[in-house]
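For reference, the chains in residue letters:
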Amino acid sequence: NLDVKELKAKSPMLKAEPVVNLSVKIVTDKVERLLATMKAPGNDLTIEGSVTSFTRPKVDLKVTSSSLDLDQLVKMPPLGKSDKAAHAAPESGVAGGKAAPANFDAMLDPLRKNSVAKATTLFASVNMKMIQFYGVKMTDFVAKLSMRDLTFVVDSLGFNLWNGTIGMKAKVALAPKTPTYTFSASVANLDLRKAVASQFAT
């Protein structure tokens, strides 16, 4: 059993000091119970979960929050100020005196060869009543995620934004030498005037 109570986090990037509580119960080859909470002004976050078997992990996670106001918690960097170094395209290797572009597909090879990663299954649910950053507020953020055989799936994801509803589904198969991706989204009743006004405000 591991219990961490009333741990306060401090950082120059934080406007407030979040209080973290953590409780973990490990029995032989599994995490029988995991419970982590974070509380700060305007913010609360709870993560519950379990892991069955460390050699063929089956991970179940549940993330919930009634309010995640990052504007109150984090000193967000200002928008619109470019940083050429930060936005430079990643490069790897040298060929003929010129930098060659990174092969991101090849970077996945260690993951494909990892027997534990290939045997891992994941099921996660997310339910957040409100998320806010840069003055943009999303409500009723709900998602169901899963992973099996190195295939990550967004089974469903939806939230309300600017009087509209946004939904999404996605699938990423990492096992093939050339990963495959599928994505679909839907938008209904979005108030474009509010979206434009929000961009001007930031």
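Our structure is the block above this text.
What counts and how
Residues numbered from 1 in each chain as written. Predicted model: local features only at pLDDT ≥ 70, side-chain atom pairs only at ≥ 80, totals over all residues. Heavy atoms only, no water. Helix = DSSP H or I, 4+ residues; strand = E, 2+ residues; numbered from the N terminus. Buried < 20%, exposed > 50% of the residue type's maximum accessible area, 1.4 Å probe, protein only. Areas by Shrake-Rupley, 256 points an atom, 1.4 Å probe, with all protein chains shown as cover. Polar contact = N/O pair within 3.5 Å; in protein donor to acceptor, adjacent residues only side chain to side chain. Contact = heavy atoms within 4.5 Å. Pairing = 2+ DSSP bridges. Axes fitted to C-alpha atoms, helices over the stretch in contact; angles between N-to-C directions. Core = buried A, V, L, I, M, F, W, Y, C linked by side-chain atoms within 4.5 Å. Phe/Tyr/Trp six-rings, centres within 6.5 Å; stacked < 30°, edge-to-face > 60°. Salt bridge = Lys/Arg side-chain N within 4 Å of Asp/Glu carboxyl O.

Participant: Help me understand the overall build of the protein chain, please; the structure alone is not making it clear to me.
Facilitator: Secondary structure summary: the protein chain contains five helices and twelve strands in total. Out of the 202 residues in the protein chain, the part that is buried amounts to 30%. Surface exposure of the protein chain reaches about 13300 Å², of which carbon and sulfur atoms provide 61%.

Participant: Could you clarify how one ought to interpret unusual backbone geometry in this entry?
Facilitator: Excluding glycine, a negative phi dihedral is what most residues carry, and trans is how most peptide bonds are arranged. Phi is positive for Trp-162, which is not a glycine, with a value near 50°. Its location among the elements puts Trp-162 in the loop between strand 10 (151-161) and strand 11 (164-173). Despite not being glycine, Asn-163 has its phi angle at roughly 65°, a positive value. In this structure, Asn-163 sits in the loop between strand 10 and strand 11.

Participant: How should the side chain of Asp-44 be read in this particular structure?
Facilitator: Of note, Asp-44 is situated in strand 4 (residues 43-52). Among the polar contacts made by the side chain of Asp-44, one reaches the side chain of Ser-66 at a distance of 2.3 Å. Setting aside residues up to four positions removed in sequence, Asp-44 forms contacts with Met-38, Lys-39, Thr-64, Ser-65, Ser-66 and Ser-67.

Participant: Looking at this structure, I do not really get the sheet that holds strand 10. What am I missing?
Facilitator: Where strands meet in a sheet, backbone hydrogen bonds hold them as pairs that are either parallel or antiparallel. Reading across from one edge, 1-2-3-4-5-8-9-10-11-12 is the order of the ten strands in this open sheet, with mixed pairing throughout. Strands at the two margins of the open sheet, each flanked by one partner only, are strand 1 (2-8) and strand 12 (180-188). Strand-to-strand, the axes of this sheet are offset by a mean angle of 5°, without reference to chain direction. In the sheet, strand 3 (residues 30-40) pairs with strand 4 via nine bridges, with the strands oriented antiparallel.

Participant: Where do I start with the pairing of strand 8 (residues 121-133) in this structure?
Facilitator: Along any regular strand, the residues point their side chains to alternate faces of the sheet. Of the strand pairs in this sheet, strand 5 (residues 58-69) and strand 8 are connected by ten bridges, and their pairing is parallel. Among the inter-strand pairings, Thr-64 is bridged to a residue of strand 8, identified as Asn-127. Examined bridge by bridge, strand 8 and strand 9 (residues 136-148) share eleven bridges and lie antiparallel to one another. The partner of Val-126 across the bridge, within strand 9, is Ala-143. Taken together, strand 8 and the strand that follows it, strand 9, pair antiparallel across an intervening segment of two residues, in which Tyr-134 is found at a positive phi of about 50°.

Participant: I'm lost on the nonpolar core in this one. Help?
Facilitator: Looking at soluble globular proteins, one finds that nonpolar side chains tend to be buried together. Ranked by size, the top nonpolar core spans 19 residues in total, and within it Val-126, Met-128, Ile-131, Phe-141, Leu-157, Phe-159 and Leu-161 carry the most contacts. Listed by contribution, the elements that provide at least two residues to this core are strand 3, strand 5, strand 8, strand 9, strand 10 and strand 11. Phe-141 has contacts with Val-126, Asn-127, Met-128, Ile-131, Leu-157, Gly-158 and Phe-159, leaving out every residue within four places of it along the chain.

Participant: What should I look at first to understand the packing of aromatic side chains in this one?
Facilitator: How two aromatic rings sit relative to each other is set out by the distance from centre to centre and by the angle between their planes. Counted according to the given criterion, the structure contains one aromatic pair. Ring plane angle 15° and centroid distance 5.7 Å describe the contact between Phe-141 and Phe-159, whose orientation is recorded as stacked. Of the two residues, Phe-141 sits in strand 9 while Phe-159 sits in strand 10, which places them 18 residues apart along the sequence. Both residues of the pair, Phe-141 and Phe-159, belong to the buried class.

Participant: What is the right way to read the environment of Ile-26 from this model?
Facilitator: For Ile-26, the location among the structural elements is in strand 2 (residues 19-27). Given the relative accessible area of 52%, Ile-26 is considered exposed. As a C-alpha pair, Ile-26 and Val-51 span 25 residues in sequence and 9.2 Å in three-dimensional space. Setting aside residues up to four positions removed in sequence, Ile-26 forms contacts with Val-31 and Phe-54.

Participant: Even after reading the chapter, I still don't get the pattern of salt bridges, so can you show me in this structure?
Facilitator: Where charged atoms from two side chains of opposite charge come close, those side chains can pair. According to the stated counting rule, one finds four salt bridges in the structure shown. Residue Glu-32 pairs with Lys-25 through a salt bridge whose shortest N-O separation is 3.2 Å.

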